[in-house]
Amino acid sequence: MNLPSVDDLFTTQEERDQKNQEYVKDISIYEITDFPNHPFKVKMDDKMLETIESVRDHGVLVPALVREKPTGGYEMISGHRRKMASELAGKETIPCIVRNLSDDQAVIVMVDSNLQREEILPSEKAFAYKMKLDAMKRQGQRTDLTSTPLEQKLGKYSVEVLGEQVGESKSQIQRYIRLTELIPEILEMVDDKKISMRPAVELSYLPKEEQEILYDTMESEACTPSHAQAIKIRKFSAEGRLNEDVLLSIMSEEKPNQVEQWKIPKNRLKKYFPSGTSQQKMEETIIKALELYRKREKSRER
């Protein structure tokens, strides 16, 4: 027999039905807080400027989705960009659908609504997939004595179900989630397409302190590891033999898709250039110096 909850004991059926219904209302933007650990970036880009202009002229045409907070006020589920645009357009309120959602339901709806966007960064997918997968696993837990995830009873794991929902393979979902183990600086390089997915996944297995050393090396040497180099870096790390010298040695190896080139450690050149000189400027200056040197040597031979 199912016992009534405390809420059931002290509320009428009409009040409970009303609580479970969603409704639309204008809410002050100052009463709405962002979703905790929201994985999708709200950037001031050209699209945001267009949205601000549209909100200023026509208002918010599609209501945001929020849920009530137990402590008062509301939590944004979907509509962070519309809220920011409304604030910058000088609006005090924003139309919202208020829906009663559990924590896990809120995570799933938040992720699903944002995955409809045209452009999604790898870091956004990484944290969004992780949040949704964790929520799906919690929802799938049985309450009986076996405590076996429901998806396993049905012959599928949560990661497979998620893959089908978002159109990604199980292994690709797992690769994206591995990216959440990267330090922010390296993850940003993945977003900026300076490091591709496969080497990034290998680097995600490095301890945070080794990732920081790697990032400093990439910055000072103006290079990033190939997939083969990333595998080698991970191997040295697992063996406890990774340090700055090993990183420099691996990173200086010629990549298969590179033409042969000479490598001069940046710290050997710093004393000849003003602080902050870019690598390109250094190379141009060195080439000019070599051309002058060659001309002088030719004149001596005459």
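Our subject is the structure listed above.
Residues numbered from 1 in each chain as written. Predicted model: local features only at pLDDT ≥ 70, side-chain atom pairs only at ≥ 80, totals over all residues. Heavy atoms only, no water.

A. The arrangement of helix H13 (residues 227-238) in detail. In this model H13 runs 17 Å from its N-terminal to its C-terminal C-alpha over 12 residues, within 8% of the 16 Å that 1.5 Å per residue would give. Here H13 has its buried residues at Gln 229, Ala 230, Ile 233, Phe 236 and Ser 237. The arc that holds every buried residue of H13, seen down its axis, measures 125°, which confines them to one face. In H13, the exposed positions that point more than 90 degrees away from the buried face belong to Ala 228 and Ala 238. (Helix = DSSP H or I, 4+ residues; strand = E, 2+ residues; numbered from the N terminus. Expected span 1.5 Å × (residues − 1). Buried < 20%, exposed > 50% of the residue type's maximum accessible area, 1.4 Å probe, protein only. Arc of directions from axis to C-beta.)

B. Here's a closer look at the packing of aromatic side chains. If you walk through the whole model with that rule in mind, you get one aromatic pair. If you follow Arg 178 out to its NZ or CZ, it ends over the ring of Tyr 205, 3.8 Å from the centre. For Arg 234, the ring lying beneath its charged end belongs to Tyr 205, and the centroid distance is 3.6 Å. (Phe/Tyr/Trp six-rings, centres within 6.5 Å; stacked < 30°, edge-to-face > 60°. Lys NZ or Arg CZ within 6 Å of the ring centre and 35° of its normal.)

C. A look at the pairing of strand S4 (residues 74-78). Buried residues dominate S4, accounting for five of its five residues. Examined bridge by bridge, strand S3 (residues 64-68) and S4 share four bridges and lie antiparallel to one another. Residue Leu 65 lies in a different strand from S4, and its bridge partner there is Ser 78. Here S3 folds back onto S4, and the loop between the two strands holds five residues, one of which, Gly 72, carries a positive phi near 105°. (Pairing = 2+ DSSP bridges.)

D. Representation of the pattern of salt bridges within the structure. Here the structure, examined in full by the defined rule, presents 17 salt bridges. We note a salt bridge from Arg 99 to Glu 22, for which the minimum N-O separation is 2.6 Å. Residue Arg 99 is found in the loop between strand S5 (93-98) and helix H5 (103-114), and its partner Glu 22 is found in the loop between helix H2 (13-20) and strand S1 (23-28); the two are separated by 77 residues along the sequence. A salt bridge links Lys 132 to Asp 112; its shortest N-O distance comes to 2.5 Å. Highlighted residues: Lys 132 in helix H6 (residues 122-140) and Asp 112 in helix H5, separated in sequence by 20 residues. Judged by relative accessible area, which is 3%, Lys 132 ranks as buried. (Salt bridge = Lys/Arg side-chain N within 4 Å of Asp/Glu carboxyl O.)

E. Inspection of the nonpolar core at higher detail. By size, the foremost hydrophobic cluster in this structure holds 47 residues, and its most contacted members are Leu 179, Leu 182, Leu 214 and Ile 233. Among the elements that take part in this core, H6 stands out by supplying seven residues, more than any other. Setting aside chain neighbours within four positions, we find Leu 179 in contact with Pro 122, Ala 126, Leu 187, Val 190, Met 197, Ala 200 and Val 201. Judged by nonpolar contacts, the second largest core, of 16 residues, contains Ile 27, Met 48, Val 55 and Met 76. (Core = buried A, V, L, I, M, F, W, Y, C linked by side-chain atoms within 4.5 Å. Contact = heavy atoms within 4.5 Å.)

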